[in-house]
Amino acid sequence: NQIMSSKGNPNITVTVRVRPQNEEEILSNTEEVVQVVGNHMIVFDPKDPNMQSRKGVPNHSSRKKDCKYAFDRAFNSVSTSFEVFTHTTQALVGELLDGFNCCCFAYGATGAGKTYTMIGNKDTPGVMVLTMRDLFAKMEEKRNDMKFNLKVSYLEIYNETIRDILVDDSLPLPLCDQNNEIVVQVLS
């Protein structure tokens with residue numbers, strides 16, 4: 001059974017975005033170790049179809065892991081932040097306007113592309129920026145019909161330390177139990 005949102009969509013969606021190789025990786029001719037297959041699968045350390053063998057015996061020193069993982073959506077290295085937005089957080093905007101709490105969680109290793117995906121840059125805004133633009137545009141459309149009370153928090157968990165992204169030089173924030181709910185204290 002799946003927990004469904006008010007619009008009949010799954011309550012939790014897991015997606016992955018494979019970042020393009022950086023300049024250093026391209027210049028050093030680094031092999032890509034993640035391959036996106038269709039819109040729902042990635043293959044880590046895919047088999048090399050050109051792997052050499054002698055007398056029909058596989059070259060085990062070149063053996064690949066060929067691990068396959070399925071997701072609700074997989075984005076390849078040429079996918080845009082707008083594509084990621086339209087298939088992930090854009091649906092959350094309607095849920096927010098219907099009064100539901102929503103969350104977008106980015107997870108990955110250092111250098112995996114989380115900041116670029118979520119924040120982007122001036123020319124290519126990230127998912128977080130696109131989501132807020134869409135939210136405020138829809139709020140403006142409905143301002144004569146609805147009254148809004150919007151609360152937004154952005155936090156980062158890095159090396160088991162929680163920081164408030166909306167506060168410059170944020171100190172580590174503690175977790176506490178508040179009415180049987182775990183909350184981050186002093187989060188803006």
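We now turn to the structure provided with this report. Every value quoted in this text rests on a predicted model; they were computed, and no experiment measured them.

On to a nonpolar patch on the surface, then. Nonpolar side chains collect at one region of the surface, where Val33, Phe44 and Tyr69 lie side by side and expose about 250 Å² of accessible area between them. Assignment of secondary structure puts Phe44 in strand β3 (residues 41-44).

In spatial order, the strands read β2-β3-β6; together these 3 strands make up an open sheet with antiparallel pairing. Strands at the two margins of the open sheet, each flanked by one partner only, are β2 (34-37) and β6 (67-70). Neighbouring strand axes in the sheet, compared pairwise and without regard to direction, differ in orientation by 25 degrees on average. As paired elements, β2 and β3 share 4 bridges and run antiparallel to each other. Following the sheet pairing, Gln35 is matched in β3 by Val43.

Running from N to C, helix α3 (residues 90-97) and helix α5 (residues 127-141) cross one another at 40 degrees; their axes reach a closest spacing of 9 Å. In this view, α3 runs oblique relative to α5, as classed from their interaxial angle. In terms of crossing hand, the pair formed by α3 and α5 is right-handed. Taken together, the residues of α5 that come into contact with α3 (itself represented by Gln90, Val93, Leu96 and Leu97) are Thr131, Asp134, Leu135, Lys138 and Met139.

In this structure, the second largest pocket encloses a volume near 230 Å³. Lining the second largest pocket we find 16 residues, and of these Arg17, Ser79, Thr80, Ser81 and Tyr116 sit closest to its centre. At the level of secondary structure, the elements contributing two or more residues to the lining of the second largest pocket comprise α2 (81-87) and α4 (114-118). Of the residues contributing to the lining of the second largest pocket, the split by class is 7 nonpolar, 7 polar and 2 charged.

What follows deals with the pairing of strand β11 (residues 181-184). One face of the sheet, then the other: side chains in a regular strand alternate in exactly this way. Of the strand pairs in this sheet, strand β10 (residues 175-178) and β11 are connected by 4 bridges, and their pairing is antiparallel. Residue pairing for β11: Cys176 is matched across the bridge by Val183. Between β10 and β11, which pair antiparallel in sequence order, lie 2 residues; one of them, Asn179, sits at a positive phi of approximately 55 degrees.

The rules behind each value
- Residues numbered from 1 in each chain as written.
- Predicted model: local features only at pLDDT ≥ 70, side-chain atom pairs only at ≥ 80, totals over all residues.
- Heavy atoms only, no water.
- Patch = residues over 30% accessible without salt bridge, like charges linked within 9 Å, V, L, I, M, F, W, Y side chains within 5 Å.
- Areas by Shrake-Rupley, 256 points an atom, 1.4 Å probe, with all protein chains shown as cover.
- Salt bridge = Lys/Arg side-chain N within 4 Å of Asp/Glu carboxyl O.
- Helix = DSSP H or I, 4+ residues; strand = E, 2+ residues; numbered from the N terminus.
- Pairing = 2+ DSSP bridges.
- Axes fitted to C-alpha atoms, helices over the stretch in contact; angles between N-to-C directions.
- Parallel < 35°, antiparallel > 145°, perpendicular 65-115°, else oblique.
- Left-handed = near helix turned anticlockwise from the far one by under 90°.
- Contact = heavy atoms within 4.5 Å.
- 1 Å grid on protein atoms, 1.4 Å probe; cavity = no way out; pocket = protein on both sides within 12 Å on 5 of 7 lines; lining within 4 Å.
- Points joined across faces, edges and corners; volume = space filled by probe spheres on them.
- Nonpolar A, V, L, I, M, F, W, Y, C, P; charged D, E, K, R; others polar.

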